[in-house]
Amino acid sequence: MNLALIHDRPHIQSFWEKRISADVQHAENEEQRRNRSALTKLREGWIVRLENRNKHLKNLNENFVRKVKTEQSADQT
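Residues numbered from 1 in each chain as written. Predicted model: local features only at pLDDT ≥ 70, side-chain atom pairs only at ≥ 80, totals over all residues. Heavy atoms only, no water.

K.L.:
Help me get a handle on a nonpolar patch on the surface, residues and values and all.
P.N.:
Where nonpolar side chains cluster on the molecular surface, the patch consists of Ile 12, Phe 15, Trp 16, Ile 20 and Val 24 and spans about 510 Å² of accessible area. Summarising the element assignment, Ile 20 is placed in helix α1 (residues 3–36). (Patch = residues over 30% accessible without salt bridge, like charges linked within 9 Å, V, L, I, M, F, W, Y side chains within 5 Å. Areas by Shrake-Rupley, 256 points an atom, 1.4 Å probe, with all protein chains shown as cover. Salt bridge = Lys/Arg side-chain N within 4 Å of Asp/Glu carboxyl O. Helix = DSSP H or I, 4+ residues; strand = E, 2+ residues; numbered from the N terminus.)

K.L.:
A description of the pattern of salt bridges should follow, citing residues and the corresponding values.
P.N.:
A full pass over the atoms with the stated rule returns two salt bridges. The closest approach of N and O atoms between Arg 34 and Glu 30, which form a salt bridge, is 3.6 Å. Remark: Glu 30 and Arg 34 occur in helix α1; sequence separation between them is four residues, near one turn of the helix. Note on Arg 34: relative accessible area 54%, which makes it exposed. Three or more residues joined by partner-sharing salt bridges are found here, namely Glu 30, Arg 33 and Arg 34. (Buried < 20%, exposed > 50% of the residue type's maximum accessible area, 1.4 Å probe, protein only.)

K.L.:
Tell me about the packing of aromatic side chains, and please be specific about residues and values.
P.N.:
Enumeration according to the criterion identifies one aromatic pair in this entry. Pairing Phe 15 with Trp 16 gives two aromatic rings, centres 5.1 Å apart and planes at 75 degrees, and the pair type is edge-to-face. Phe 15 gets classed as partly exposed once you look at its relative accessible area, which sits at 44%. (Phe/Tyr/Trp six-rings, centres within 6.5 Å; stacked < 30°, edge-to-face > 60°.)

Have a look at this one:
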């Protein structure tokens with residue numbers, strides 16, 4: 001085996017270990033940043049508001065349809 005390859009192996013191994021360690025650290029920092037972000041809380045708040053709005057509009061529509069049917073049946077009698 002070539003002596004140069006044997007001699008460079010520890011350097012190559014340490015290079016890649018440092019690179020992997022830096023990438024893992026970067027990923028952890030990014031995850032922590034996302035967890036601290038207020039964006040998730042804002043999205044959850046907007047989802048709740050939209051769900052409440054949709055429920056309210058659905059109830060309004062149902063009440064309107066019920067009222068129209070009641071008026072139609074009263075007009076027929």
